[in-house]
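Residues per chain, in single letters:
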Amino acid sequence: MVLDEVDSTNAEALRQAHAGEVGPLWIRAQLQTMGRGRQGREWVSQEGNLYCSLLLRLDLSQGSTTGLSFVAALAVFDAAQACLADCDAAHGLSLKWPNDLLVNGAKLSGILLEATSAGAAGTGSVAIGVGVNVASSPDVAGYLTTDLSSCGSDATVDTVFAQLAGAFDSWLRIWRGGDGFGAIRSAWLERAGGLGQEVVVRLPNEQLTGTFVGLDDNGALVLRDASGNERNIFAGDLFLTHPPLSVGADV
Ligand code: BTN
């Protein structure tokens, strides 16, 4: 389903779920008037970029969404890699916990999962929203942004979406058919920025510094402090303190 304009493709997906749609269903829009980002932030949604959500019905009672945001991140990574195939910037792609895609430290794509509450049978719906900067990147306070066009790609919104949907299918099959989160975690860590390095994690009431040593079984970031104590972080903003130098990023 492709809409000219919508408040938010995630909001539309959840409305459709409440109206009885079970999916899988992709909802795309050329423009969002109230694009939603992580932690209640706005996702600036100018024309020319990709805004889409996949609506899925899942058993929410057994933590089955663990891994889904990492599945989405892997799919976005693969889609961007395909669209940047002939560009130097492809070598600068990395995932940033929990599910941002960066090019040389600048944000190319963001992902937002939103779920309905589980019903009596434990099932519920999840909207997996993906925004990819294709033609332009908004100025956002606090971090650098980039877009495929600035990185040298001539991919259109349609080609990016086709790559994303195909890659999503493949990773979803791996997640569902394999050892659950294990294979997804390994693949995600192979593409992750900051692993083994000193990072900063900003939480609502504190800021932590430590070494990013991995992900636990629930996708929480494992941070080791100078004394060797480990803490599992479930939500927060990660800052890579030693980002690679910018190449191909629109900074
Ligand atoms: C982030 O803050 O990094 C997550 C951004 C997610 C944006 C996408 S665009 C399509 C979908 N609809 C929304 O309102 N948000 C997500």
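Okay, so let's go over this structure. (Residues numbered from 1 in each chain as written. Predicted model: local features only at pLDDT ≥ 70, side-chain atom pairs only at ≥ 80, totals over all residues. Heavy atoms only, no water.)

Side note on the pairing of strand β3 (residues 50–59)
What counts is decided by this rule: Residue exposure (1.4 Å probe, protein chains only): buried if accessible area is under 20% of the type maximum, exposed if over 50%, otherwise partly exposed. Here a strand is any run of E in DSSP of at least two residues, a helix any run of H or I of at least four, and the numbering for each starts at the N terminus. Pairing between strands is defined by DSSP: at least two bridges between them are needed.
The element β3 is largely enclosed, with a buried count of 8 among its 10 residues. Here strand β2 (residues 25–32) pairs with β3 via 5 bridges, running antiparallel. Pairing of I27 across the sheet is with S53, part of β3. Relative to strand β7 (residues 123–132), β3 runs antiparallel, the two sharing 10 bridges. Directly across from L54, in β7, lies its bridge partner I128.

Brief notes about the environment of R202
Note on placement: R202 falls in strand β8 (residues 198–202). Residue class for R202 comes out partly exposed when judged on its relative accessible area of 44%. Residues R202 and N133, 69 residues apart in the sequence, show an inter-C-alpha distance of 25 Å.

Considering the site of the ligand
Heads up, the condition is: We define proximity as follows: a residue is near a molecule or strand when any one of its heavy atoms falls within 4 Å of that partner. By the criterion applied in these results, polar contacts are pairs of N or O atoms within 3.5 Å in which, for protein atoms, one can donate a hydrogen and the other can accept it, and in which residues neighboring in sequence qualify only through two side-chain atoms. Computed with the Shrake-Rupley method and a 1.4 Å probe, the accessible areas treat only the protein chains shown as cover for residues.
Neighbouring the ligand are 20 residues, the closest being S8, Q32, R36, R38 and K107. In the environment of the ligand, an oxygen atom lies 2.8 Å from a nitrogen or oxygen atom belonging to the side chain of S8. The separation between an oxygen atom of the ligand and a polar main-chain atom of R36 is 2.7 Å. Coverage of the ligand by the protein chains reaches 98% of its 410 Å² of free accessible surface. At the level of secondary structure, the elements contributing two or more residues to the shell around the ligand comprise α1 (9–18), β3, β6 (106–115) and β7.

Digging into the nonpolar core
Stated formally: By nonpolar core is meant a set of buried Ala, Val, Leu, Ile, Met, Phe, Trp, Tyr and Cys residues that side-chain atoms within 4.5 Å join together.
Residues L50, L68, I128, L164, F168 and W188 are the most contacted members of the largest nonpolar core, which totals 65 residues. Core analysis: the next-biggest nonpolar cluster, separate from the first, contains 7 residues, A13, A17, L25 and A127 among them.

Description of the pairing of strand β5 (residues 100–103)
Across the two faces of β5 the burial is the same, with D100 and L102 and L101 and V103 all buried. The sheet contact formed by strand β4 (residues 93–96) and β5 spans 4 bridges and is antiparallel. Bridged to S94 within β5 is L102. Linking two consecutive strands that pair antiparallel, namely β4 and β5, is a turn of 3 residues. The sheet contact formed by β5 and β6 spans 3 bridges and is antiparallel. Bridging from a neighbouring strand, V103 pairs with A106 of β6.

Points about helix α3 (residues 157–177)
Every α-helix carries 3.6 residues per turn, so stepping three or four residues along brings you back to the same face. What counts here: By this rule the span expected of a helix is its residue count minus one, scaled by 1.5 Å. Contacts were defined at the residue level, with two residues in contact if any of their heavy atoms lie within 4.5 Å.
With 21 residues, α3 ought to run about 30 Å at 1.5 Å a step, and its terminal C-alpha atoms sit 30 Å apart, in line with that. Buried residues along α3 sit in contact with β2, β3, α2 (68–83), β7 and α4 (181–190).

Here's the deal with the sheet that holds β3
Operational definition: All axes here are fitted lines through C-alpha atoms, helices being fitted over the stretch that makes contact, and every angle between N-to-C directions spans 0 to 180 degrees.
Ordered by their spatial adjacency, 7 strands build an open sheet running β1-β2-β3-β7-β6-β5-β4, and the pairing between neighbours is mixed. Looking along the sheet, the strands with just one partner apiece sit at the ends: β1 (2–6) and β4. Averaged over all neighbouring strand pairs, the angle between strand axes comes to 25 degrees, with direction disregarded. As judged from the 4 bridges shared by β1 and β2, these two strands associate in the parallel manner.

Digging into the sheet that holds β8
Remark on secondary structure: sheet strands pair via backbone hydrogen bonds, oriented parallel or antiparallel. Judged by pairing direction, the sheet is antiparallel, and its 5 strands sit side by side in the order β11-β10-β9-β8-β12 without closing on themselves. The open sheet has two edge strands with one neighbour each: β11 (230–233) and β12 (237–240). When the angles between neighbouring strand axes are averaged without regard to direction, this sheet yields 45 degrees.

What to know about the side chain of Q32
With respect to the helices and strands, the residue Q32 is situated in strand β2. Residue classification places Q32 among the buried positions, given a relative accessible area of 10%. At 3.0 Å, the side chain of Q32 forms a polar contact with the side chain of S45. Contact partners of Q32, with chain neighbours within four places excluded, come to V6, D7, S8, T9, W43, S45 and Y51.

Focus: the packing of aromatic side chains
Using the following cut-off: Here is the rule: rings of Phe, Tyr and Trp (six-membered ring for Trp) pair when centre to centre is within 6.5 Å. Planes less than 30 degrees apart are stacked, more than 60 are edge-to-face, and the remainder are tilted.
Within this structure, the stated rule accounts for 4 aromatic pairs. When the centroid spacing of 5.3 Å and the interplanar angle of 90 degrees are considered together, the rings of W26 and F161 count as edge-to-face. In this pair, W26 is assigned in strand β2 and F161 in helix α3, connecting sequence segments 135 residues apart. On the basis of relative accessible area, W26 is assigned to the buried category, the value being 16%. Residue F161 is classed as buried on the basis of its relative accessible area, which comes to 14%. Residues F70 and F181 carry aromatic rings whose centres are separated by 5.4 Å and whose planes lie at 55 degrees to one another, so their mutual orientation is tilted. Placement of F70 in helix α2 and of F181 in helix α4 is noted, with a sequence separation of 111 residues between them. Looking at F70, the relative accessible area reads 4%, which means it is buried.

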